Amino acid sequence: MNTHAWHGHVITKAMAVAGCAALVLAATGTTAQAKGHDVTREALAANDGWGSDGTGTTGGAAADAAHVYTVTDWAGFKAALAAGGTTPKIIKVKGTIDAVSEGCDSLAAPGYDFDAYLAKYSPEAWGLDTDLSAEPAGSPEGLRRVSAANQDQTIKANVPANTTIIGVGRNAGFKGASLQIKAVDNVIVRNLTFESPIDCFPQWDPTDGDKGNWNSEYDTAVVYGSTHVWLDHNTFTDGSHPDSAAPTYFGMLYQQHDGELDIVRGANYVTASWNVFADHDKTILIGNSDSESTAVGDRGKLKVTFHHNLFSDLVERAPRVRFGQVDSYNNHFVANADYSYSFGIGKESQLVSEHNAFTLPTGVSAAKVLKRWNVSPLTADDNYVNGTPTDLIAVHNAEIPAETLQSGAGWTPTLRTKIDPAKKIPGIVDRGAGAGRIC
């Protein structure tokens, strides 16, 4: 029997198949219609979150036969993305595609040697007062920069407008890839498992903090200045490279992961539904800087909806929000002992968190669900913690009075389909979220 386990909730292959059938029936209404239904051409339903606003999100639903591709390797995937410009297209992903199938060594610049890097830039040899930005091309840092540029060129895939990328069956996805949805409109990504890319060549910054730090690049998916994006029934995970297995150098974790999903730089009208975000530290960032500018135009944008997602074994940022009107409802948050917070309340954010369920381990307080980075009012109603209705703002303010939060986001979400009872969300979401649910 094939199974997937999320915190004791075992999902069998049979259940996954049943879930597929249920999704198709829900989308079409009758069994007769379901038999002929093509999920690769599904568009985001009306009123289904911010992604449905205005023109809505249809992806490649209008693609003709010449612009429907099935891909099984990284080169084929990138070629399909490049073909036909912005003509509507559907890309079907079959199996697991590895963006770095030849390993990190294949990306290293000639002469790059990690041991030499460690020897030259150790705190004992280099100190902690000067960063590495002035290091010349032939230095260990210069060779690291060339190696990093090689990886950047290799693993990033630019998604054009009017595109649907969808996994075929229950085992489709990517390893080591960074999906770039940048300055385009109308993109759908569904039914894919993404194993977070590892940065093969993290940079040591001696001046980061009082002990120095390793800094990594490459988000799993980036929505950068794009509009009308639907991310649905995907699984985002660190997979075979969890932070817990990473070594330490210079007394600091050799961090090789960045975010799982970033929505930044004036992006707008995004719906993320029925995804699993698992086993990660800095998970989702909405708005990447407090320094909003006219050129970027974050203010008034970054409108994002999260519903029926499973956030499992995450440390923080589920999501951290700046500027955006973010609607988070009917999600299940499952924490472990490493938990820091779920919602980061950032500059001018207008978060609405309603009808969600939180499963916290013994000793982890509900006061940690919210983290105040800036004074921005939010709405947090009808949320359950371990099966009990909980006023998240009141609990936070009572236990962390130095970071008092204000109630009232100043807007009321209207783009919602069915709202499930918060108390039932763990059962509904744990059975239905993630890749492998769409036939």
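None of the values given here were measured: they were computed from a predicted structure.

## Looking at the packing of helix α4 (residues 114-121) against helix α6 (residues 140-155)
- Interhelical geometry of α4 versus α6 gives an angle of 135 degrees and a closest axis separation of 9 Å. As judged from the angle between their axes, α4 and α6 are oblique. Remark: the crossing between α4 and α6 carries left-handed chirality. When α4 is examined against α6, the residues Ala116, Tyr117, Lys120 and Tyr121 are found in contact with a partner set consisting of Pro140, Glu141 and Arg144.
- Across the contact of α4 with α6, the residue classes break down as 4 nonpolar, no polar and 3 charged.

## A word on the sheet that holds strand β20 (residues 284-286)
- Taken in spatial order, the 8 strands of this open sheet run β5-β7-β12-β17-β20-β23-β26-β29, and their pairing is parallel. Sheet topology places β5 (156-158) and β29 (370-372) at the edges, where each strand pairs with a single neighbour.
- When strand β26 (residues 343-345) meets β29, the two strands line up parallel, connected through 3 bridges. When the bridges of β29 are listed, Phe343 appears paired with Leu370.
- Against the sheet, α6 engages β5 and β7 (178-182), with an angle of about 40 degrees to β5.

## Regarding the pairing of strand β3 (residues 68-71)
- Sheet topology note: the β3/strand β4 (residues 89-98) ladder contains 4 bridges and is parallel. Bridge pairing links Val71 to Val93 in β4.
- Handedness of the β-α-β unit built from β3, helix α3 (residues 74-82) and β4 comes out right-handed.

## What to know about the environment of Ala337
- Tracing the backbone shows Ala337 in the loop between β25 (332-334) and β26.
- Taking relative accessible area as the criterion, Ala337 reaches 73% and is therefore assigned exposed.
- In this structure the C-alpha to C-alpha distance between Ala337 and Thr164, which are 173 residues apart in sequence, comes to 37 Å.

## What to know about the packing of aromatic side chains
- In this structure the tally under the stated criterion is 29 aromatic pairs.
- Consider the rings of Trp50 and Tyr269, whose centres lie 6.2 Å apart with planes at 40 degrees: the pair is tilted. Of this pair, Trp50 sits in the loop between α2 (31-35) and β3 while Tyr269 sits in strand β18 (residues 268-273), placing them 219 residues apart in sequence.
- Arranged with centres 5.5 Å apart and planes meeting at 85 degrees, the rings of Tyr112 and Phe201 form a pair that is edge-to-face. You can see Tyr112 sitting in the loop between β4 and α4 and its partner Phe201 sitting in the loop between β9 (193-195) and β10 (203-205), a full 89 residues away along the chain. For the pair shown, Tyr112 and Phe201 are each scored as buried.
- Site record: aromatic cluster; members linked through ring pairs are Trp74, Phe77, Phe174, Phe194, Phe236, Phe277, Phe306, Phe311, Phe333, Phe343 and Phe358.
- When the ring centre of Tyr224 is taken as reference, the NZ or CZ atom of Lys182 above it lies at 4.6 Å.
- Across from the ring centre of Tyr329, 4.7 Å away, lies the NZ or CZ of Arg416, which sits over that ring.

## Thoughts on the nonpolar core
- One finds Phe77, Phe174, Ile263, Ile286 and Leu360 to be the most contacted residues of the largest nonpolar core, which totals 81 residues.
- Of the residues forming this core, the biggest block, 4 residues, is contributed by α3.
- Beyond its immediate sequence surroundings of up to four residues, Phe174 is in contact with Trp74, Phe77, Val93, Ile97, Leu192, Thr193, Phe194 and Glu195.
- Judged by nonpolar contacts, the second largest core, of 9 residues, contains Ala278, Ala357, Ile425 and Val429.

Quick notes on the rules
Residues numbered from 1 in each chain as written. Predicted model: local features only at pLDDT ≥ 70, side-chain atom pairs only at ≥ 80, totals over all residues. Heavy atoms only, no water. Axes fitted to C-alpha atoms, helices over the stretch in contact; angles between N-to-C directions. Helix = DSSP H or I, 4+ residues; strand = E, 2+ residues; numbered from the N terminus. Parallel < 35°, antiparallel > 145°, perpendicular 65-115°, else oblique. Left-handed = near helix turned anticlockwise from the far one by under 90°. Contact = heavy atoms within 4.5 Å. Nonpolar A, V, L, I, M, F, W, Y, C, P; charged D, E, K, R; others polar. Pairing = 2+ DSSP bridges. Right-handed = clockwise from strand over helix to strand, strands pointing away. Buried < 20%, exposed > 50% of the residue type's maximum accessible area, 1.4 Å probe, protein only. Phe/Tyr/Trp six-rings, centres within 6.5 Å; stacked < 30°, edge-to-face > 60°. Lys NZ or Arg CZ within 6 Å of the ring centre and 35° of its normal. Core = buried A, V, L, I, M, F, W, Y, C linked by side-chain atoms within 4.5 Å.

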